[in-house]
Each structure stands twice: as structure tokens, then as C-alpha cells.
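# Coordinate analysis (summary)
Listed here are the chains, written in short residue letters.
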Amino acid sequence: MDVIINILVGFVALEHFYFMYLEMFLWSKPKGIKAFGLKSKIFAEETKVLAANQGLYNGFLAAGLLYSLLIENNNMMAFLLVCIIIAGIYGAYSTQKRKLFYIQSLPAIITLVLIYLKSQNYL
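Described below are features of the structure shown in this document. (Residues numbered from 1 in each chain as written. Predicted model: local features only at pLDDT ≥ 70, side-chain atom pairs only at ≥ 80, totals over all residues. Heavy atoms only, no water.)

Assigned secondary structure in the chain consists of six helices and zero strands. For the chain, the succession of helices and strands along the chain, N to C, is α-α-α-α-α-α. Considered along the principal axes of its C-alpha atoms, the chain spans approximately 55 × 25 × 20 Å. Taken over 123 residues, the chain has a buried fraction of 36%. Across the chain, every contact between residues at least 6 apart in sequence was considered, and the portion connecting residues at least 24 apart equals 58%. In the structure as shown, the chain presents an accessible area of about 7800 Å², 68% of it carried by carbon and sulfur atoms. (Helix = DSSP H or I, 4+ residues; strand = E, 2+ residues; numbered from the N terminus. Buried < 20%, exposed > 50% of the residue type's maximum accessible area, 1.4 Å probe, protein only. Contact = heavy atoms within 4.5 Å. Areas by Shrake-Rupley, 256 points an atom, 1.4 Å probe, with all protein chains shown as cover.)

Now the structure itself:
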């Protein structure tokens, strides 16, 4: 089960490194505009600094998850996964894009549930 949990944590971390890349470097490029459904290139340019800051936070979450794997700290891992779940729920709610929940929160929820079940010796 540890291998599956580690793979899922790695997957969530990779997702967030990708979000960081999109938000920090591609926000105002066609791929970023399409990925985030931005209304125009002008809007993307006007909000580029905010998106880069948001991307930096996604990078911190990803780095934290990888670090928690490295030091084998399930409490830290669980905390970061909860943060990601909440961010995904809020993002889906505030933008009215349910897809955000499935992309961001659902993998973190599955991973968190497996960590919990393992900690309770159910797995």
C-alpha cells in the first residue's frame, strides 16, 4: 500500500508543479489562456502577476508533498493534501467550474483516504 500512496502523492505533486508552470510561465500564452478559460489575452496580461503568485503557491504545495515523501512524514503529507482539497473545492465553487474539483481535489481526497485507512491499519 505504501507504494500506491507514494505514487498518488507523487501524482498530486506533479499536478501542482504543472499548475505552477501554467500559472507562472504560460498564463498569457495560448495554452494558459485555454487551460484556465480566460476571457482574453488582455485580461491574461493584466492578471499575469497575480497568476504567477498563485503558481508559486502551487509549487510550494508540490515541493512540500515531495519533501513529506522524502522524510516519510504522513502528518505533513495529510496537512498538505487537506490544503489542496480545500483549494480545489473553493476554486470549483468560486469559478463554477466543477472540473477543478475533479482535477485538483479528487486525487488528493483519494490519497488522503488511503493514508487514513493505512494509519488505522485497515489496509
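From this point, things continue past the structure.
Counting 15 residues, the largest nonpolar core has Ile-5, Leu-65, Met-77, Leu-81 and Ile-84 as the members making the most contacts within it. Every element with two or more residues in this core is listed here: helix 1 (2-25), helix 4 (48-70), helix 5 (74-95) and helix 6 (98-119). It is helix 5 that contributes the most residues to this core, five residues altogether. If we skip the residues at most four places from it in the chain, Ile-5 touches Met-77, Thr-111, Leu-114, Ile-115 and Lys-118. (Core = buried A, V, L, I, M, F, W, Y, C linked by side-chain atoms within 4.5 Å.)

As a further point, take the environment of Val-82. Position of Val-82 relative to the elements: it lies in helix 5. The sequence separation of Val-82 and Ser-40 amounts to 42 residues, and the corresponding C-alpha distance is 32 Å.

Further remarks concern unusual backbone geometry. The residue Glu-72 is not glycine, and still its phi comes out positive at about 55 degrees. Relative to the assigned elements, Glu-72 resides in the loop between helix 4 and helix 5. Using a relative accessible area of 67% as the deciding quantity, one classes Glu-72 as exposed. A positive phi is found at Asn-121, a non-glycine position, where the angle reads about 60 degrees. By secondary structure assignment, the location of Asn-121 is in the segment after helix 6. We classify Asn-121 as exposed; its relative accessible area is 68%.

An α-helix turns once per 3.6 residues; consequently, residues spaced three or four apart project the same way. With 22 residues, helix 6 extends 30 Å between its outermost C-alpha atoms, agreeing within 8% with the 32 Å of an ideal straight helix rising 1.5 Å per residue. The sharpest bend along helix 6 comes to roughly 40 degrees, located at Ser-105, with the proline Pro-107 sitting one to four residues further on. Trailing helix 6 by a residue or two, Asn-121 shows a phi angle of about 60 degrees, which is positive. (Expected span 1.5 Å × (residues − 1). Bend = angle between axes of the 7 residues up to and from the residue.)

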